[in-house]
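The chain contents come next:
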Amino acid sequence: MAHPVDVHVGKRIRHRRWLVGMTQQQLAERVGIKFQQIQKYETGANRVSASRLWDIADALEVPVSFFFEGIENDGAEIEATDSVPADILGDKEALDLVRSYYAMPENQRRRLFELARVMSDVA
C-alpha cells in the first residue's frame, strides 16, 4: 500500500504537469526516464527519490517544496474550507479552466474574474 505522502507528491506532479500542458512522455524525456515511471510516480506506486524529485521540479519549473504543499506533519492532506474540494487540482475540468484563464489577456482575465465573483455572490 502506498504511503499517503507518496500519493500526495504523485498527485502534485500530475497536477503541475497537466497545468503546464505537458504529457507524461514529455516529462519523462526531460527527466531522462521512461514515461511508465512517471505513471508510477503519479499514482504513488513508486516513491520518488530526492534527486529525481529535484529533476522533476526543474522540468516543471517549480520549487521542490511545491510537491509537499497541503500536507500536515502526519502526512494527511489539509481539509478544504469554504466548500472548495481539498483536491481541486484533481479535477481535470478545473485544471482546464485555470489553463484557459491564464491563456487570456490580463484585461479579459480581470473582467472574467469580476463576473465570477458577482455570480457567486448571487448564488
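What you see is a predicted model, and the numbers here were worked out from it, not measured in a lab. (Residues numbered from 1 in each chain as written. Predicted model: local features only at pLDDT ≥ 70, side-chain atom pairs only at ≥ 80, totals over all residues. Heavy atoms only, no water.)

S.K.: Got a minute to help me understand the layout of surface pockets in this structure?
M.R.: The gaps left among the atoms become clear once a water-sized probe is rolled over them. The calculated volume of the largest pocket comes to roughly 360 Å³. Forming the boundary of the largest pocket are Ala94, Leu97, Val98, Tyr101, Tyr102, Leu112, Phe113, Ala116 and Ser120. Counting only elements with at least two residues in the lining of the largest pocket, the list comes to α5 (92–103) and α6 (106–122). With 5 residues, the single largest contributor to the lining of the largest pocket is α5. (1 Å grid on protein atoms, 1.4 Å probe; cavity = no way out; pocket = protein on both sides within 12 Å on 5 of 7 lines; lining within 4 Å. Points joined across faces, edges and corners; volume = space filled by probe spheres on them. Helix = DSSP H or I, 4+ residues; strand = E, 2+ residues; numbered from the N terminus.)

S.K.: What is the right way to read the environment of Leu27 from this model?
M.R.: Tracing the backbone shows Leu27 in helix α2 (residues 24–31). Residue class for Leu27 comes out buried when judged on its relative accessible area of 0%. Separated by 33 residues in the primary sequence, Leu27 and Leu60 have C-alpha atoms spaced 7.9 Å apart. Beyond its immediate stretch of four places on either side in the chain, Leu27 contacts Ile13, Arg17, Met22, Ile38, Ile56, Ala59 and Leu60. (Buried < 20%, exposed > 50% of the residue type's maximum accessible area, 1.4 Å probe, protein only. Contact = heavy atoms within 4.5 Å.)

S.K.: Explain the packing of helix α1 (residues 4–19) against helix α3 (residues 35–43) to me, please; I cannot follow it from the model alone.
M.R.: For any two helices packed against each other, one specifies the inter-axial angle together with the distance between the axes. The contact between α1 and α3 brings their axes to 6 Å, and the two run at 120°. One finds that α1 runs oblique with respect to α3. Within the contact between the two elements, α1 uses Asp6, Val7, Gly10, Lys11, Ile13, Arg14 and Arg17 and α3 uses Tyr41, Glu42 and Thr43. (Axes fitted to C-alpha atoms, helices over the stretch in contact; angles between N-to-C directions. Parallel < 35°, antiparallel > 145°, perpendicular 65-115°, else oblique.)

S.K.: Honestly, the nonpolar core in this entry has me stumped. Any pointers?
M.R.: For soluble globular proteins, nonpolar side chains are generally found buried alongside one another. Counting residues in hydrophobic clusters, the biggest one holds 18 residues, and the most contacted among them are Ile13, Leu27, Tyr41, Ile56, Leu60 and Phe67. Taken together, the elements giving at least two residues each to this core come down to α1, α2, α3 and α4 (50–60). Not counting chain neighbours up to four residues away, the residues in contact with Ile56 comprise Ile13, Leu27, Val31, Tyr41, Val48 and Phe67. (Core = buried A, V, L, I, M, F, W, Y, C linked by side-chain atoms within 4.5 Å.)

S.K.: Explanation requested: the packing of α2 against α3 in the structure shown.
M.R.: Running from amino to carboxyl end, α2 crosses α3 at an angle of 105°, the nearest separation of the two axes being 8 Å. Taken as axis vectors, α2 and α3 run roughly perpendicular relative to one another. Taken together, the residues of α3 that come into contact with α2 (itself represented by Gln24, Gln25, Leu27 and Ala28) are Phe35, Ile38, Gln39 and Glu42.

S.K.: Just to check I follow, could you spell out unusual backbone geometry for this structure?
M.R.: Peptide bonds are mostly trans, and most non-glycine residues show a negative phi. Phi angles above zero are rare outside glycine, and Glu61 is one such case at about 55°. Note on placement: Glu61 falls in the loop between α4 and α5. Taking relative accessible area as the criterion, Glu61 reaches 68% and is therefore assigned exposed.

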